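Coordinate analysis (summary)
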Amino acid sequence: SAALFATAADSKGDTISTGLVLISTLVSHFFHLEIDGYCGLLVGVFIFYSGIQAIKDTIDPLLGKAPDKEYVEKIESLVIGHDLILGIHDMMIHDYGPGRVIVSLHAEVPSNGDIQEMHDLIDHIENDLSRECNCEAVIHMDPICVDDPVVNELKEQLSRIIITLDESLMFHDFRVVNGPTHTNLIFDVLVPYRFHMTDAEVISAIDTEVKKLNPTYFCVIKVDHTYI
């Protein structure tokens, strides 16, 4: 509770203030040094800092803040722990205080799977997240191709290109659309916060390397940015 933490900070400020008053009184009595003004300045700085911190802790959930790493990893492990979930992306966590957390994400499932079974699994995972992570979860199901050797080989080649560019980059929603004159490789690239390249530079670098594989390959890239 932010209110209890603020109360604790206030009590700590009172304790420190009283302690410094006693110290300055003893120093003045025994050493004839007037340090109460300096002690008062220190107390003022501490109270100011505590107040700013209390305001920040109260406002952050309203304006939006990054979730704890442990919380994100717990969500990921719960979702990925199911055999039919091949990967997750586009996770967003909105924290409005204890018991008021909303989680949304995309879960990748085999495109050749039974749609009823996949839907039942997604419902089951949403219930698990609600119970284990104390949140309201919404999961979007993304079917991906897993049984086409040509698509799988292209996906492996693209993975090597992106990792070579930067290990922090990831991609998802990979699709291949063949045409009479060229082939479109359609996918999303996930770029971390404060990445050293612009979106246009990322797209250009990947497209250049892909065309080295085959000049008829055209990349259709959407750049996503991390929200956690």
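This text goes with the structure placed above it.
Residues numbered from 1 in each chain as written. Predicted model: local features only at pLDDT ≥ 70, side-chain atom pairs only at ≥ 80, totals over all residues. Heavy atoms only, no water.

1. Things to note about the sheet that holds strand β2 (residues 101-110)
Spatially, the three strands line up as an open sheet ordered β1-β2-β3, and their pairing is mixed. Looking at the sheet topology across the chains shown, the edges are occupied by β1 (87-95) and β3 (136-144). Each adjacent strand pair in this sheet contributes to an overall mean axis angle of 15°, direction not counted. One ladder, built from nine bridges, connects β2 with β3; its direction is parallel. The residue of β3 that forms the bridge with I102 is E136. (Pairing = 2+ DSSP bridges. Helix = DSSP H or I, 4+ residues; strand = E, 2+ residues; numbered from the N terminus. Axes fitted to C-alpha atoms, helices over the stretch in contact; angles between N-to-C directions.)

2. Observations regarding helix α3 (residues 69-80)
For α3, built from 12 residues, the straight-helix expectation of 16 Å at 1.5 Å per residue is met to within 8% by its first-to-last C-alpha distance of 16 Å. Where α3 is concerned, the buried positions are Y71, V72, I75 and V79. Taken end-on, α3 shows its buried residues confined to a sector of 100°, consistent with a single buried face. Seen from the buried face of α3, the exposed residues on the opposite side, beyond 90 degrees, are K69 and E70. On the buried face of α3, the contacting elements are β1, β2 and α4 (115-133). (Expected span 1.5 Å × (residues − 1). Buried < 20%, exposed > 50% of the residue type's maximum accessible area, 1.4 Å probe, protein only. Arc of directions from axis to C-beta. Contact = heavy atoms within 4.5 Å.)

3. Describing the pattern of salt bridges
The tally for this structure, following the rule as stated, stands at four salt bridges. Across the salt bridge formed by D128 and R131, the nearest N and O atoms sit 2.7 Å from each other. Pair noted here: D128 and R131 are both in helix α4, with a separation of three residues, about one helical turn. Residue classification places D128 among the buried positions, given a relative accessible area of 12%. A salt bridge links E209 to K212; the nearest nitrogen and oxygen atoms lie 3.1 Å apart. Taken together, the positions of E209 and K212, both in helix α6 (residues 199-213) and three residues apart, correspond to about one turn of that helix. By sharing partners, the salt bridges in this structure join D128, R131 and E132 into a single network. (Salt bridge = Lys/Arg side-chain N within 4 Å of Asp/Glu carboxyl O.)

4. Section: the side chain of S24
You can see S24 is positioned in helix α1 (residues 2-31). One polar contact links the side chain of S24 to the main-chain carbonyl oxygen of V21, over a distance of 2.9 Å. Setting aside its immediate chain neighbours within four residues, S24 contacts I35, D36 and C39. (Polar contact = N/O pair within 3.5 Å; in protein donor to acceptor, adjacent residues only side chain to side chain.)

5. Concerning a nonpolar patch on the surface
Taken together, F48, I52, I55, I59, L62 and L63 make up a surface patch of nonpolar side chains, about 670 Å² in accessible area. Along the chain, I55 falls in helix α2 (residues 36-63). According to the relative accessible area criterion, I55 is partly exposed, its value standing at 48%. (Patch = residues over 30% accessible without salt bridge, like charges linked within 9 Å, V, L, I, M, F, W, Y side chains within 5 Å. Areas by Shrake-Rupley, 256 points an atom, 1.4 Å probe, with all protein chains shown as cover.)

6. Things to note about the pairing of β2
For β2, the buried fraction is high: seven of the 10 residues fall into the buried class. As defined by bridge partners, β1 adjoins β2 across seven bridges and the pair is classed as antiparallel. Counted as the bridge partner of I93 is V103 from β2. Handedness of the crossover joining β2 and β3 through α4: right-handed. (Right-handed = clockwise from strand over helix to strand, strands pointing away.)

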